[in-house]
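# Inside the fold
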Amino acid sequence: MKTPITTNRLILRSFTLEDAKDVFEYASEPEVTKYLTWEVHKNIEETIDVIKTFYLNQNTFCIELKNEKKCIGAFELRPKEHIFSFGYVLNRKYWNQGIMTEVLQKMMEICFEKLGAKVFEGSYYEGNEASATVMKKCGMKFQGKKREFACKNTIFTEISHSITLEEYKDFKASLADRHQAQDTH
């Protein structure tokens, strides 16, 4: 079991089979899975199988909301040498609350400051502008487009963003400056 990681509102921890009901809640919703590579879960047994097969992986974190003690999503970290990429999913009830921004900033911090990352990158499918917003809020910059990516019988354009170690240091310093300015007002 991995050591839990905490943020202001969240705990990033290992999944357990006890999370199945919460995972099914978001994984069974078409709006949530629209831009993901996997289909909507049809029943709780499918969810349990996915947890066993994929979510119990060392690089996949349960996103637990501290005050509700509820699994509200998943974050997968994909390390390859000094480049870290990621994927995530979040229960629709928790969209537009800054939760994924909080998760992504924390994971960037860990990757750059503890795991030796040189680049942190992510991608989303065109139309999923909410993911673009999260990445931009975390200082990530447009990297490129990969046209005609086939997924679930649909052709998507995949858009990539990334941030380098140096850009991360600048981004973190600007965040600190903004927090300091807010504290003085």
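Predicted model only: the values in this text are computed from it and were never measured.

### A few points about the nonpolar core
Taken as a class, soluble globular proteins show a tendency for nonpolar side chains to be buried jointly. Counting residues in each nonpolar core, the largest one holds 36 residues, and the members touching the most others are Ile 63, Phe 75, Leu 104, Met 107 and Phe 120. With 9 residues, the single largest contributor to this core is helix α4 (residues 99-113). When sequence neighbours within four positions are dropped, the list of residues in contact with Leu 104 reads Phe 75, Phe 86, Phe 120, Val 134, Met 135, Cys 138 and Met 140. Ranked by size, the runner-up nonpolar core spans 14 residues in total, among them Ala 20, Val 50, Cys 62 and Val 89.

### Comments concerning the packing of aromatic side chains
Using the criterion set out here, one finds 8 aromatic pairs in the structure. Between Phe 112 and Phe 120, the ring centres sit 6.3 Å apart and the planes meet at 50°, which makes this aromatic pair tilted. Taken together, the aromatic side chains of Phe 75, Phe 86, Tyr 88, Phe 112, Phe 120 and Tyr 168 make up a single cluster linked through ring pairs.

### Re the side chain of Ser 131
Topologically, Ser 131 is positioned in helix α5 (residues 129-137). With residues up to four places along the chain from it excluded, the contact list for Ser 131 reads Tyr 88 and Tyr 124.

### Comments concerning the environment of Gly 122
Within the fold, Gly 122 resides in strand β6 (residues 119-125). Along the sequence, Gly 122 and Ser 85 sit 37 residues apart, while their C-alpha atoms lie 5.4 Å from each other. Once you skip the residues sitting within four places of it in the chain, Gly 122 turns out to touch Phe 86, Met 135, Met 140, Ile 159, Ser 160 and His 161.

### Some remarks on helix α1 (residues 20-27)
Turning to α1, its buried residues are Ala 20, Asp 22, Val 23, Tyr 26 and Ala 27. Down the axis of α1, the buried side of the element spans an arc of 165°, and every buried residue falls inside it. Where α1 is buried, its residues meet α2 (30-33), α3 (44-55), β4 (70-80) and β5 (83-90).

### Focus on the pattern of salt bridges
Under the definition given, this model contains 13 salt bridges. Between Lys 70 and Glu 25 there is a salt bridge, with its nearest N and O atoms 2.9 Å apart. Here Glu 25 lies in helix α1 and Lys 70 lies in strand β4, a separation of 45 residues in the sequence. In this structure Lys 70 comes out as buried when scored by relative accessible area, which is 13%. In the salt-bridge network here, residues are joined through shared partners; they are Asp 22, Glu 25, Lys 70 and Lys 93.

Calculation rules
- Residues numbered from 1 in each chain as written.
- Predicted model: local features only at pLDDT ≥ 70, side-chain atom pairs only at ≥ 80, totals over all residues.
- Heavy atoms only, no water.
- Core = buried A, V, L, I, M, F, W, Y, C linked by side-chain atoms within 4.5 Å.
- Buried < 20%, exposed > 50% of the residue type's maximum accessible area, 1.4 Å probe, protein only.
- Helix = DSSP H or I, 4+ residues; strand = E, 2+ residues; numbered from the N terminus.
- Contact = heavy atoms within 4.5 Å.
- Phe/Tyr/Trp six-rings, centres within 6.5 Å; stacked < 30°, edge-to-face > 60°.
- Arc of directions from axis to C-beta.
- Salt bridge = Lys/Arg side-chain N within 4 Å of Asp/Glu carboxyl O.

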